[in-house]
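Observations on chain architecture
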Protein chains: 2
Amino acid sequence: MTAIQKYSTKERDQDRARILQILLMNKAVASGILAKEPIAETQSAEQDIAEIVTLVGRLPAPDLADVLEALPTEERLALWSLITEERRGSVLVEASETVWDDLIADMSDKALLNALRPLDIDDQIYLAQYLPRDLVGRLLATMPQNERTQVRQILHYDKHSVGAIMDFEVITVRPDVTLAVVQRYLRIRGKVPQNTDKLFVTSRDKTLLGELDLTAILLHSPQTPVFKVMDDNPTCFAPEDHDEKAARTFERDDLISAAVIDSAGKLMGRLTVDEIVDVVYEETDSDLRRMGGLSAEEDVFAPVSKAVRTRWAWLAINLCTAFVASRVIGLFEHTISQLVALASLMPIVAGIGGNTGNQTITMIVRALALQHIQAGNISFLMMRELGVALINGLVWGGVMGTITWLLYNDAAMGGVMTLAMVLNLLVAALMGVVIPMTMTRLGKDPAVGSSVMITAITDTGGFFIFLGLATLFLL
Amino acid sequence: MTAIQKYSTKERDQDRARILQILLMNKAVASGILAKEPIAETQSAEQDIAEIVTLVGRLPAPDLADVLEALPTEERLALWSLITEERRGSVLVEASETVWDDLIADMSDKALLNALRPLDIDDQIYLAQYLPRDLVGRLLATMPQNERTQVRQILHYDKHSVGAIMDFEVITVRPDVTLAVVQRYLRIRGKVPQNTDKLFVTSRDKTLLGELDLTAILLHSPQTPVFKVMDDNPTCFAPEDHDEKAARTFERDDLISAAVIDSAGKLMGRLTVDEIVDVVYEETDSDLRRMGGLSAEEDVFAPVSKAVRTRWAWLAINLCTAFVASRVIGLFEHTISQLVALASLMPIVAGIGGNTGNQTITMIVRALALQHIQAGNISFLMMRELGVALINGLVWGGVMGTITWLLYNDAAMGGVMTLAMVLNLLVAALMGVVIPMTMTRLGKDPAVGSSVMITAITDTGGFFIFLGLATLFLL
């Protein structure tokens, strides 16, 4: 009996870190690999390359995918060139979309098809969704007829639907056979697809009748017929269901796998929890990015040119909103020229509004994602946020108003400060609820750019309210 | 044979929405339930309550937990009062921390202990971590001696460690028995813990030797000894491991369950994917919240008083930073009084810096969470972000400078605008990398308040750079 974990998680962590270290610290190694010729003089560079080759041979595909994701383009390609053709497919499947462009661009069509061939059909389909059209055609041509039909079917589902991540490899059994027959059938089959925790019980026309847990086969007497121990009310999905919604259901019901059925109740495939975990991670990532107006395609190691391209649109929007805010201030230049202290005070009003607005919008966007917001509780939410804003406005506006009064020895200016802060916080709270709700009602993703929008409103609003009140009361 | 899904996901969605609707639209119902006396006149309110009772009886615990999370406090308590005592424990386990306070506060200690008793030990431990100390003592007193020891052991692990979410219910087998013996043993046992996809192979002293997949039992001949078909190199965790890191490993290796072993290699328990999915969701939520300075404890339906309390600290910090920025402007009041246009232009410089800084910091925080950032690639990242900032600064600063020139017919002012934007974008990029890296090096969570910090720096910096340059070149 060997000791447990010959190649432990910890060692894998170390090996991944070591590859990164060699490639990043020793630029010559990466460029040496890319140049495809040995770096003659430096003995150590050759040793480094040899060490990387050993590590690459030892590390499983998911680890290699992780390392690729953590490298800038040049080093990424250097490492990619050291991964053998037969392993590249499995590494691609594990890597995130952000690195595919780099890796696929580096391969000839033939090499790419060779890399894809050893994969099972689900993985091929998964990658096919991101391949250039003509390559998909050539990939399809290499497949048997029945697989080709399945792939075509999948390819027309939306990228974020259950259909796009479902798995065709299912084991089905008939309801009237005994568990002994099922077990004999499994032994003859010799293997089961990954993450199989249950078999699907279907009628002859593929209609799903129930699910048979593997544990049920193990726990009950071999003479028991399947229909007696199957779960005849399992959770199922339709291929059109949204993947994030399916993830919530997996979480709620602690599922490992679930059937995907068409509208007639026929079994199409299954969803497994490993895909769901990926969906949850992607959801997280994209929510964070979208709120700030970052593109989902930009990875942290993308070259400068790509980063400039993916970010320019949001920057332009931001500049436009900032310009509008600036023009609002411009309207009050006469006021400011008479009372220059207003120029120093106005960013406080705008800033505090932006902060509160962003807090509110973050909560609402999350609550919408969790499906916690229904028609009935919107007015409650609105009143709650306005209540919080009113109290905070009175307290902190009061503090700031007093400081203004003491600083400029001008009680009226302090009063204007307090009033402006209260009003801008109310605007922030109101828009923090209204913006995401409206976007949802319009069928848009409430996370996209909501942070940019609320900041624009609280800035412009803050300047207008403060300078407007000052013009009314202080001149 | 019955049709599939007698109580479908869709129906459950509808039932959850219906409870929310009744409770939120018809305030009288919620207050009627809370008042514990029937609302005499309104026949329909009584019918509403009866409908809720039916729905509550039908919905599984996770769905009830979801509904509770989507209700304001008053309605939440009304619904809670309609959930029977024996189901309350299982609902609590499924509900998120944010609602526990409300629900637990509403129950007597005795009722709480009664609700916890039907739960299995893992769930009891999970809840015990959040119960008041004295109640934990009383809960422990109701347990058998061996369970008490286990609970005590768990309770001292960190809330975010593997130990805190691990599961004691494991099935172990010896390596030298045959699969037929294992299967007989399972039949005698009669059931297996939820999410069991494998058994653990241990020696007599509990040292983990390997893992036996349930599928291996089904696929191999009954005469095969366990050690021949077990996985002798499985992924294991230590109880001290961080839960988010374990989640990454589950994702990478597509695990359903994994062993937790102590430093001597002895089996302590197991981790299951359902806990991991919860960890991933929590990680998401808390990252989003922390970046904006929102407390993890605030749920969207918390009463105003609680929201004010959880938010005041960040508001105060924000006011302080805004005040500092305001004082920086104050230093240049003389400059502004001479050239009042500066007051309208300065927020553009500050705003664009805040936007860029937040984009950079979001990317870096995510890359840190994904462990993509190593000592070797920091300088690359820094150069990349500075490069992006320089290009964006020259392009958009150029655009803005030109507009300024045309608007105020002052070429020098346009030049100052362009230069200030370039410089502030460089500051934003630099600090967007430096802030999260420094926090990580200091052992702090890089997500906490990083957005507030970067905005403070780009505001203050933007005002200082722009007004400073204006004082130098325009007066």
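- Looking at an unreviewed UniProt entry, one finds chain A named Magnesium transporter MgtE, with Cedecea lapagei as its source organism.
- Regarding chain A, the UniProt comment filed under Sequence similarities (unreviewed entry) reads as follows: "Belongs to the SLC41A transporter family."
- Within the UniProt record for chain A, the comment given under Function (unreviewed entry) is "Acts as a magnesium transporter."

1. Looking at the relation of the copies chain A and chain B
- When chain A is fitted to chain B, the best match, at an RMSD of 0.1 Å, comes from turning it 180 degrees and sliding it 0.0 Å along the axis. Those values place the two copies in the arrangement expected of a two-fold rotation axis. Among all C-alpha atoms of chain A, that of Thr284 of chain A lies closest to the rotation axis, at 2.6 Å.

2. Some remarks on the pattern of salt bridges
- Here the structure, examined in full by the defined rule, presents 26 salt bridges over all chains.
- The salt bridge partner of Asp63 of chain A is Arg16 of chain A, with a shortest N-O separation of 2.6 Å. With a gap of 47 residues between them, Asp63 of chain A in helix 4 (residues 61-69) and Arg16 of chain A in helix 1 (residues 9-25) connect regions that are remote in the sequence. For the pair Asp63 of chain A and Arg16 of chain A, one class covers both residues: buried.
- We note a salt bridge from Arg18 of chain B to Glu51 of chain B, for which the minimum N-O separation is 2.6 Å. A residue pair is termed long-range when its members are at least 10 positions apart, and Arg18 of chain B in helix 1 (residues 9-25) and Glu51 of chain B in helix 3 (residues 43-58) qualify at 33 residues.
- On the accessibility criterion, Arg18 of chain B (30% relative accessible area) is partly exposed.
- Since its relative accessible area comes to 27%, Glu51 of chain B is described here as partly exposed.
- Among the charged side chains, a salt-bridge network with shared partners connects Arg12, Asp13, Arg16 and Asp63 of chain A together with Lys245 and Asp253 of chain B.

3. Here's the deal with the packing of aromatic side chains
- With the rule as written, the count across this model stands at 6 aromatic pairs over all chains.
- With a centroid separation of 6.2 Å and 10 degrees between ring planes, the pair formed by Trp312 of chain A and Trp396 of chain B is classed as stacked. Of this pair, Trp312 of chain A sits in helix 18 (residues 304-331) while Trp396 of chain B is found in helix 21 (residues 378-408), placing the two residues in two different chains.
- Classification of Trp396 of chain B by relative accessible area gives buried; the value is 15%.
- Taking NZ or CZ as reference, Arg327 of chain A lies 5.7 Å from the ring centre of Phe323 of chain A, over its face.

4. A closer look at the interface of chain A and chain B
- If you look at the interface, chain A gives 143 residues, while chain B gives 142 residues.
- Both faces considered, chain A and chain B share a buried interface measuring about 12,500 Å² in area, 64% of it formed by carbon and sulfur atoms.
- On the surface where chain A and chain B come into contact, there are 8 salt bridges.
- Residue Arg12 of chain A pairs with Asp253 of chain B through a salt bridge whose shortest N-O separation is 2.7 Å.
- Taken together, the connections running from chain A to chain B amount to 23 residue pairs in polar contact (both at pLDDT 80 or more).
- The element that contributes the greatest number of residues to the side of chain A that touches chain B is helix 20 (residues 341-369) of chain A, accounting for 18 residues.

5. Points about the sheet that holds strand 4 (residues 236-237) of chain A
Residues and elements named next belong to chain A.
- Pairing in this open sheet of 3 strands is mixed, and the strands run 4-5-6 from one edge to the other. In this open sheet, the two strands that pair with only one neighbour each are strand 4 and strand 6 (267-272).
- As defined by bridge partners, strand 5 (residues 257-261) adjoins strand 6 across 5 bridges and the pair is classed as antiparallel. Across the sheet, residue Ile261 finds its bridge partner in strand 6, namely Leu267.

6. Some thoughts on the UniProt feature "transmembrane region" (unreviewed entry) in chain A
Residues and elements named next belong to chain A.
- This chain's UniProt record puts "transmembrane region" (unreviewed entry) on residues 312-330, 336-354, 386-408, 414-435 and 447-474.
- Across residues 414-435, helical content stands at 100% and strand content at 0%; the span's end C-alpha atoms are separated by 31 Å.
- For residues 447-474, helix accounts for 86% and strand for 0%, while the C-alpha atoms at its two ends are 40 Å apart.

7. Here's the deal with the side chain of Thr404 of chain B
- Position of Thr404 of chain B relative to the elements: it lies in helix 21.
- If sequence neighbours within four positions are ignored, Thr404 of chain B has contacts with Leu345, Asn409, Met413, Gly414 and Met417 of chain B.

8. Overview of the side chain of Asn195 of chain B
- Structurally, the position occupied by Asn195 of chain B is in the loop between helix 13 (179-189) and strand 2 (198-202).
- Given a relative accessible area of 12%, Asn195 of chain B falls into the buried group.
- The residues contacting Asn195 of chain B, other than those within four sequence positions of it, are Asp254 and Ile256 of chain A together with Ile256, Ser257, Arg270, Thr272 and Asp274 of chain B.

9. Examining the pairing of strand 2 of chain B
Residue and element names in this part refer to chain B.
- Counting buried residues in strand 2 gives 5 out of 5 residues, a clear majority hidden from the surface.
- Side chains Lys198, Phe200 and Thr202 of strand 2 all project onto a buried face; the interleaved residues Leu199 and Val201 project onto the opposite face, where all are buried too.
- Two elements, strand 1 (residues 172-173) and strand 2, share 2 bridges in a ladder whose sense is parallel. Paired with Val173 across the strands is Val201, a residue of strand 2.
- Once you follow strand 1 into helix 13 and on to strand 2, the crossover reads as right-handed.
- Summarising the sheet, strand 2 and strand 3 (residues 208-213) pair through 5 bridges and their orientation is antiparallel. Within strand 3, the residue paired with Phe200 across the bridge is Glu211.
- Hairpin connection of strand 2 to strand 3: 5 residues between the antiparallel strands, including Lys206 at a positive phi of 75 degrees.

10. What to know about the confidence of the model for chain A
Residue and element names in this part refer to chain A.
- Here chain A shows a mean pLDDT of 85. Residues at 70 or above account for 94%.
- Model confidence for chain A, summarised as mean pLDDT per element, is weakest for helix 2 (residues 27-35) at 73 and strongest for strand 2 (residues 198-202) at 95.
- Per the prediction output, this complex has pTM 0.78; the corresponding ipTM is 0.77.

11. Some details on the UniProt feature "domain: CBS" (unreviewed entry) in chain A
- In the numbering adopted here, UniProt assigns the feature "domain: CBS" (unreviewed entry) to residues 230-286 of chain A.
- The span residues 230-286 of chain A carries 44% helix and 23% strand; its end-to-end C-alpha distance comes to 39 Å.

12. Side note on the sheet that holds strand 2 of chain B
- Pairing is mixed in the open sheet, where 3 strands are placed in the order 1-2-3 (chain B). Pairing within the sheet leaves two strands with one partner each, and these edge strands are strand 1 and strand 3 of chain B.

13. Re the nonpolar core
- Residues Leu23 of chain A together with Leu23 of chain B are the most contacted members of the largest nonpolar core, which totals 172 residues.
- Once residues lying within four places of it in the same chain are set aside, the contact partners of Leu23 of chain A are Val29, Ala30, Ile33, Ile52, Leu71, Glu75, Ala78 and Leu79 of chain A.
- Residues Ala325 of chain A together with Leu319, Ala429 and Phe463 of chain B belong to the second largest nonpolar core, which totals 72 residues.

14. Quick notes on helix 7 (residues 97-105) of chain A
- Along helix 7 of chain A, the residues that are buried comprise Thr98, Val99, Trp100, Asp102, Leu103 and Ile104 of chain A.
- Against helix 4, helix 5 (73-81), helix 6 (85-94), helix 8 (109-116), helix 9 (121-128) and helix 18 of chain A lie the buried residues of helix 7 of chain A.

About the cut-offs
Residues numbered from 1 in each chain as written. Chains lettered and ligands numbered in written order. Predicted model: local features only at pLDDT ≥ 70, side-chain atom pairs only at ≥ 80, totals over all residues. Heavy atoms only, no water. UniProt positions renumbered as here; feature names shortened; annotations may be inferred. Least-squares fit on C-alpha atoms with pLDDT ≥ 70 in both. Salt bridge = Lys/Arg side-chain N within 4 Å of Asp/Glu carboxyl O. Helix = DSSP H or I, 4+ residues; strand = E, 2+ residues; numbered from the N terminus. Buried < 20%, exposed > 50% of the residue type's maximum accessible area, 1.4 Å probe, protein only. Phe/Tyr/Trp six-rings, centres within 6.5 Å; stacked < 30°, edge-to-face > 60°. Lys NZ or Arg CZ within 6 Å of the ring centre and 35° of its normal. Contact = heavy atoms within 4.5 Å. Buried area = accessible area lost by both parts, 1.4 Å probe. Polar contact = N/O pair within 3.5 Å; in protein donor to acceptor, adjacent residues only side chain to side chain. Pairing = 2+ DSSP bridges. Right-handed = clockwise from strand over helix to strand, strands pointing away. pLDDT = per-residue confidence, 0-100. Core = buried A, V, L, I, M, F, W, Y, C linked by side-chain atoms within 4.5 Å.

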